[in-house]
Amino acid sequence: MDAFFASPESHLCRNLREACLKRTPAIVQPALSSDPIEDFANACVRGFRSDPRRLESRFLYDAEGSALFEEITRQPEYYLTRTESSILAARAAEIRELTGPLRILELGSGSSQKTDHLLRAWLEQEGPTRYYPVDVSAASLCAACERVGSTYPAVEVVGVQCQYRESFPLLAQLSPVLVAFLGSSIGNFTPEEMSCFVRALAAALRPGDFFLLGLDLVKERSLLESAYNDEAGVTARFTRNLFARMNRELGSAIDLDAIEHAAWYRRDQELVEISARFTRAQSFRLTPPGKTITIGQGELVQTEISRKFRLDRVVPDLERCGFSVERVFTDERRWFALLLLRRRPIYSLRKPRRQL
Ligand code: AVI
């Protein structure tokens, strides 16, 4: 366990309290437990050497990648953002009525654009409110904090620059709180990662706190494959940017012209698998730690998965992880769902004792 998680009075908790006393928007960060470049390099070496080759999708979101993702959300084929936004627009006031007044912390906030619906509903029913966007990209976070702060002067905004789980120690301090995790970003986790994440979130929240979760639902293959293979090629640039980032930060000199984006729906696992296909064999070095990677012609390196959900399966899973489902909102086509969950009053992370 690193120092950040070890103490409830962490660097981030202290920083947050101080930032709240000052003028907002403000940005707080946890104390760095490791060198971010080393972390990136080691994760890349692990990912290239695993079988199958699989890179961690969190590294897609440097400043360049975050900007490309925003561009993806505006592509006509990428229905997710528009559909979720329409549900939020129609239901934000109802959500606020169900939750009552509380703070909002948003995981993976990006541009915070969709959150405007929530902020407006909060302002209409309560007056001033507090909003804590959490994102790994400093550039996205600063831009979002500036925009929200100037659009809604009555909202106190404190950006938290860290990975999702690094923000969990703040939740006890922010309670009563609603944690928003929109865009079906939870679909980028494997089932094991997802249940681990949801359990950790339940453990960090106080009973009665809320969790607003966006989920992309299972649908026709053609719709899914078009969403991840847009005509304008923005998703392809997003995939390639991960390797461009290695060139920028790790001096890897990967030939980007020999990388193709590939995304297809795997019906057996109900997920879109996104990979980079190497069209020519190449060897490159990642520094640090100075390891050489050799990839053959035609080899695939997975960069992301995007799972699609069925409500009848995901609801019991979430309930097993410590939440009750208060309300499920969907669009007319039932393409996307927004779940309002609540941390159950009695919840223990401990496994039931074996009967002797
Ligand atoms: C962030 N996440 C929910 C996106 C998705 O749809 O899985 C990431 C993405 N990758 C390519 N297009 C969108």
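Just so you know, these numbers come straight off a predicted model, no measurement behind them.

### A closer look at the environment of A63
Move 1: With respect to the helices and strands, A63 occurs in helix α4 (residues 63-73).
Move 2: The sequence separation of A63 and T235 amounts to 172 residues, and the corresponding C-alpha distance is 15 Å.
Move 3: Contact partners of A63, with chain neighbours within four places excluded, come to S137 and A139.

### What about the packing of α4 against helix α11 (residues 234-250)?
Move 1: At their nearest, the axes of α4 and α11 sit 9 Å apart, and the two run at 180° to each other. As summarised for this structure, α4 and α11 are arranged roughly antiparallel, according to the angle between their axes. Listed contacts from α11 to E64, G65, L68, F69, E71 and I72 of α4 are V234, T235, R237, F238, N241 and R248.
Move 2: In the contact of α4 with α11, the residues fall into 5 nonpolar, 3 polar and 4 charged.

### Some words on the pattern of salt bridges
Move 1: Under the definition given, this model contains 22 salt bridges.
Move 2: With a shortest N-O distance of 2.7 Å, R58 and E56 are connected by a salt bridge.
Move 3: Judged by its relative accessible area of 31%, E56 falls in the partly exposed class.
Move 4: For R91, the salt bridge goes to E94, with nearest N and O atoms at 2.8 Å.

### Focus on the environment of V45
Move 1: Looking at the secondary structure, you find V45 in helix α3 (residues 36-49).
Move 2: For V45, a relative accessible area of 9% puts it in the buried group.
Move 3: Sequence separation between V45 and L32 is 13 residues; the distance between their C-alpha atoms is 21 Å.
Move 4: Ignoring sequence-local partners within four residues, the contact set of V45 consists of L286, P289 and K291.

### With respect to the confidence of the model for the protein chain
Move 1: Chain-level pLDDT for the protein chain is 91 on average; 90% of the residues reach the 70-or-more range.
Move 2: When the criterion is pLDDT under 50, residues 1-8 qualifies, and its contacts beyond four places in sequence or with other chains add up to 11 contacts.

### Examining the sheet that holds strand β13 (residues 336-343)
Move 1: Taking strand neighbours across the sheet as the criterion, the 8 strands line up as β1-β4-β3-β2-β5-β6-β13-β12 in an open arrangement whose pairing is mixed. Across the chains shown, the open sheet's two edge strands, defined by having one partner strand only, are β1 (26-28) and β12 (323-330). Looking at each pair of strands side by side, their axes are set apart by 20° on average, direction ignored.
Move 2: Pairing analysis gives 4 bridges linking strand β5 (residues 177-181) to strand β6 (residues 210-216), with the strands arranged parallel.

### A closer look at the pairing of strand β3 (residues 129-135)
Move 1: Within β3, 6 of the 7 residues are buried, leaving the element largely enclosed by the surrounding structure.
Move 2: Bridge count between strand β2 (residues 103-107) and β3: 4 bridges; the pairing is parallel. When the bridges of β3 are listed, I104 appears paired with Y131.
Move 3: Between β2 and its parallel partner β3, the chain crosses via helix α6 (residues 115-126), and the hand of that crossover is right-handed.
Move 4: Direction of pairing for β3 relative to strand β4 (residues 155-161): parallel, over a ladder of 5 bridges. Of the residues in β4, the one forming a bridge with V134 is V160.
Move 5: Each parallel crossover has a hand, and the one from β3 via helix α7 (residues 138-151) to β4 is right-handed.

Thresholds, definitions, all that
- Along each chain, the written sequence defines residue order, and numbers are assigned to residues from 1.
- Restriction of local features to residues with pLDDT of at least 70 applies here, the model being predicted, together with a cutoff of 80 or more for giving and counting side-chain atom pairs; totals for whole chains, interfaces and linings are based on all residues.
- Side-chain measures here rest on the full set of heavy atoms in the structure, leaving out hydrogens and waters.
- To qualify as a helix, a DSSP run of H or I must reach at least 4 residues; to qualify as a strand, a run of E must reach at least 2; elements of each kind are numbered from the N terminus.
- Residue contacts are counted whenever heavy atoms from the two residues lie within 4.5 Å of one another.
- To obtain each axis, a line is fitted to C-alpha atoms, and for helices this fit is confined to the stretch in contact; angles are then taken between N-to-C directions over 0 to 180 degrees.
- Relative orientations are named as follows: roughly parallel for angles under 35 degrees, roughly antiparallel for angles over 145 degrees, roughly perpendicular for angles from 65 to 115 degrees, and oblique for any other angle.
- As a working rule, the residues Ala, Val, Leu, Ile, Met, Phe, Trp, Tyr, Cys and Pro are called nonpolar, Asp, Glu, Lys and Arg charged, and the rest polar, with Gly in that last group.
- When a carboxyl oxygen of Asp or Glu lies within 4 Å of a side-chain nitrogen of Lys or Arg, that pair is called a salt bridge.
- Each residue gets one of three labels from its accessible area relative to the maximum for its type: buried under 20%, exposed over 50%, partly exposed in between, using a 1.4 Å probe on protein chains only.
- What pLDDT expresses is the predictor's confidence in each residue, scored from 0 to 100.
- Whether two strands pair depends on DSSP finding at least two bridges between them.
- With the strands pointing away from the viewer, any crossover whose connection runs clockwise from the first strand over the helix to the second is right-handed.

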